[in-house]
Structures are given as C-alpha cells and as structure tokens.
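Report on the structure
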Amino acid sequence: MPGDGEDAPYKTGIEALKDGWRLIQASPLIQHSEGDEFRTGYFKYEFFFEKIISKEHD
Amino acid sequence: MTDLKLLTTKQMAHFAAKGFISFPSVVPDHINQKFLDDIGEVSSENEKGMMSHYSNIMKSSTIPLVPAGTDLKDSYPEGTALNELINLPEISGAIESLVGLDCLLDHHFLHITFPQKYWEKSKTPQRSQSIHQDSTIDPRKAFDVQIFYFPHEVTKEMGGTRYLPGSHFRVVSESSISRYQNIKGQEHVICPAGTVMIFHMGLWHGGGLNQSDQLRYLFKIRLCPKRRQLRLWEEGQLKNETEPQRPIFWTDGKKQEDHLSSILTKPEPWFEMDSGRLEYLNRIRFWRYISGDNNFDADYWVTRVENEFL
C-alpha cells in the first residue's frame, strides 16, 4: 500500500524486469517557466498503448 | 464595398472560442461557376501526376498573381469571381469585423485534393495531409485570418478539410503536431457549394483523403491586418452585452448557453482538466485584446489570477 512499504520489492530495476515487470515512463510534469505559465502548445499528456499478443510456438 | 454585414458579438465570441466561423452556401452559384471557369481546369489524360497537374493548371489559370503584402482592395480586378466573392455582404462584413477591410493579402492558393488515380500516376501511396498550423511559430496577439472557399459541394468521400475547433491559441511549430493523427473533437468539412469558412491563423487543420473520383478544390486566402484589431464588429452590441460577473460553480442550475461567458468557457471534447482550462484564459485575453476592455472577464478566470498585491 502507498506509504506502508519499507522494503523495496527488488534491489534493482533489472531484477524487476527479469521478473516480468515492464518499465513505463509517464509524460513528465515540467515546471512552468515564469511569464509563460498560461501559454498552451503541444499536448501535455502523451502515452502509447502497446498490446502484447502471445504467440503460440509451433 | 458598400453593403457590409458585420459580425455580431455572438459570432465573434464563437470565433474567439472555436477559432473559425462558417458561412454555408453564402456564395451564389454564378460566382462559383465563374470561379471554376477561372481556375483553368486542364485535362489529366497526359499528365504524369499531381505536381504536373499543378504546373499545368497554374499556366492556364486566370487567378491573379498577387505580390505578398498587396492591399486586398487592389488584389482582385473588378469582374472576377474573387472580387465578387470578397464583396459579398457577409464576407466583406466578416473581413471588416476580423482584420479590417484595409487588410493586406499575404497569399492565396488553390488547394487541390487528388483522387486515387493521380497518386497512382505519381507512384505514391495516397494519404491525407497531416494536421498542421500555418505557417510557423506565431505568438502574436494580432491575428491573421484564412478564408477557405469551397466552390463546389464537398461530400464526405471527397475528404474535406479536417480541423480541430478550439486549437487556435496553441503555440506550436507547423507540422510538428503531425504525429497527432486523430484527435477527439476534430471535424471534417462536408458542405454545399459556395461555402466559406474563415479560420483564425492558428487553427490546426489538414486536407482529408479524397476517396471520390473527382478533384476537390479549396481556395485559400490569407489576410493580415494593417492596424490594431479593436472593436471592429458591431460595436453597439458590444456595449449592450458586456455583462457583469455572474455566480459561478454554485448557480441556479439554469443554462445560459448564449451568454458571452458561457460561449468563452465552453470546453472542447479534447480539453483535459489542466491545459483545457488555460484555453478559457486564452479566450478571455483575446476578447480583452479585440474589445480594448482590460477588465473584461468570463466567470472570473483571469481576475482570480490577477488579484496580486506588490
């Protein structure tokens, strides 16, 4: 649960990947620069969906 | 240019919020036909493809060659279809309301969306034009407009221009946004002959895929103001409709869809709860710019963040 985990579930990220976890980075939240706080431009929240399809081996 | 039909405050508010205004079937058939004759349509039988078609049609067309920065009033000779188009009361009134009739012509261009057979001749897979913003990064308060004139009926199959309402205040760099392939809330032009749309220069748009067997024509005219765009539309209405602030969030529950503040704070389907709200501020600041009323606000969005004591 958030706030209750005192011990990391894995020592390294590589270990987590080896155990089947996938690494996903969300769109970073970038601090608004002074004087430009209200300017809009590119979409701020961008994600891709990836569908994993298991393939049966012959 | 005597008979002007200026935009109303409601139409201006729609332009401020959405970034465009539409005039379905505003151009009479005889002007549409005259324009199609002026284009100088050429046979496609011996052509090698799309660029060849453009090259040939430019040679045969009587559309005038106009240097960038020419006064609009000097751009189209009397008696031409384009002169008649510009002088229609609705169109001249909209031009006066948005950029002033003393505006300059930046450029014009006949956009042709080609059906499949032309792409085959060019040995290129058919595709739609990617979404983009004309013409480069442009953070000005002053704004240009682009007249989109559709001289013939545009059916769904013909791939009319797609555009994203409410995108015009986003400061982006031309085709950098092309990776946004489809956006919730995007619309496609499907219209009767003689329809004119006027876009704010920043509105995201792109040509569609022409799946008919006919050429699709769009004539675009970009106009630039020569002076500050201040209270150019129906001023009397402006004075009557500058309403005081109204209760927000906790209200009587009644919808006031025609209220200026309602129009300026109506979200688009693609707005999220973060930067979508910033578009309300962009619209309000745009309204302050065109009205000269620096105290104007809609539902307190700008006043709230200006309440500073130094």
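This is a predicted model, so every value here is computed, not measured.

A few words on the overall build of chain B. Along chain B, the regular secondary structure elements total 10 helices and 9 strands. Relative to its length of 310 residues, chain B is compact, with a C-alpha radius of gyration of 21 Å against a globular reference of 19 Å. Dimensions of chain B, computed from the C-alpha atoms along their principal axes, are close to 70 × 45 × 35 Å. The buried share among the 310 residues of chain B stands at 35%. Pairs at least 24 apart in sequence give 83% of the contacts found in chain B among residues at least 6 apart.

This part covers helix H5 (residues 89-98) of chain B. All names here are of chain B. Within H5, 7 of the 10 residues are buried, which leaves the element mostly enclosed by the surrounding structure. Among all positions in H5, only Ile91, Ser92, Gly93, Ala94, Ile95, Ser97 and Leu98 are buried. Packing partners of the buried residues in H5 comprise helix H1 (9-18), strand E1 (20-23), helix H4 (81-86), strand E4 (145-150), strand E7 (195-200) and strand E9 (216-224). The positive-phi residue at the C-terminal boundary of H5 is Gly100, with phi of around 85°.

Strands pair in a sheet through their backbones, by hydrogen bonds, and they do so in one of two ways: parallel or antiparallel. Residue and element names in this part refer to chain B. As summarised here, the arrangement of the 6 strands in space is E1-E7-E4-E9-E3-E2, forming an open sheet in which the pairing is antiparallel. The two strands at the open ends of the sheet, each matched to only one other strand, are E1 and strand E2 (70-71). Summarising the sheet, E2 and strand E3 (residues 104-113) pair through 2 bridges and their orientation is antiparallel. Following the sheet pairing, Thr70 is matched in E3 by Leu105. Its contacts with the sheet place H1 against E1 and E7, and it is angled at close to 130° to E1. Contacts from H5 reach E1, E4, E7 and E9 within the one sheet, and its direction differs from that of E7 by about 5°.

On to the domain arrangement of chain B. Residues and elements named next belong to chain B. Partitioning chain B into domains gives domain 1 (9-224) and domain 2 (235-306). A C-alpha centroid distance of 30 Å is found between domain 1 and domain 2. Across the boundary between the two partners, domain 1 contributes 14 residues, which contact 17 residues of domain 2. Split into classes, the residues belonging to the side of domain 1 that touches domain 2 amount to 7 nonpolar, 4 polar and 3 charged.

Another aspect to go through is the interface of chain B and chain A. Each partner contributes residues to the interface: chain B has 13 residues there, and chain A has 8 residues. Among the residues making up the side of chain B that touches chain A, the classes are represented as 7 nonpolar, 2 polar and 4 charged.

The next point concerns the sheet that holds strand E5 (residues 162-163) of chain B. Strand order in this open sheet of 3 strands is E6-E5-E8 (chain B), and the pairing throughout is antiparallel. Edge positions in the open sheet fall to strand E6 (187-188) and strand E8 (205-206) of chain B, since each of these has one partner strand only.

It is worth spelling out helix H2 (residues 29-39) of chain B at this point. All names here are of chain B. Listing the buried residues of H2 in full gives Ile31, Asn32 and Phe35. The buried residues of H2 occupy an angular sector of 100° when projected down its axis, which confines them to one face. H2 presents Asp29, His30 and Asp37 as exposed residues on the side facing more than 90 degrees away from its buried surface. Just downstream of H2 lies Gly40, where phi reads positive at about 80°.

In this section: the pairing of E9(B). Residue and element names in this part refer to chain B. Most of E9 is tucked away, with 7 of its 9 residues classed as buried. Across 9 bridges, the pairing between E3 and E9 is antiparallel. What sits directly across from Phe109, in E9, is Lys220.

This part covers the nonpolar core. Residues and elements named next belong to chain B. Core analysis: the largest hydrophobic core is formed by 66 residues, its most contacted members being Val145, Ile198, Leu223, Leu264 and Ile284. At 6 residues, the largest contribution of residues to this core is made by helix H9 (residues 275-291). Of the residues that make up this core, three or more belong to each of domain 1 (9-224) and domain 2 (235-306). Those residues within four positions of Ile284 in sequence are excluded, and the remaining contacts are Leu264, Phe296, Asp297, Ala298, Trp301 and Val302.

What follows deals with the environment of Ile198(B). All names here are of chain B. As for its position among the elements, Ile198 is in strand E7. Judged by the 25 C-beta atoms lying within 10 Å of it, Ile198 is buried. What Ile198 contacts, discounting residues up to four positions off in sequence, is Phe20, Ile21, Ala94, Leu98, Val145 and Ile147.

What counts as what
- Residues numbered from 1 in each chain as written.
- Chains lettered and ligands numbered in written order.
- Predicted model: local features only at pLDDT ≥ 70, side-chain atom pairs only at ≥ 80, totals over all residues.
- Helix = DSSP H or I, 4+ residues; strand = E, 2+ residues; numbered from the N terminus.
- Rg over C-alpha atoms; globule rule 2.2 N^0.38 Å.
- Buried ≥ 20, exposed ≤ 12 C-beta atoms within 10 Å, placed from the backbone.
- Contact = placed C-beta atoms within 7 Å.
- Pairing = 2+ DSSP bridges.
- Axes fitted to C-alpha atoms, helices over the stretch in contact; angles between N-to-C directions.
- Domains from an automatic or database assignment.
- Nonpolar A, V, L, I, M, F, W, Y, C, P; charged D, E, K, R; others polar.
- Arc of directions from axis to C-beta.
- Core = buried A, V, L, I, M, F, W, Y, C linked by C-beta atoms within 7 Å.

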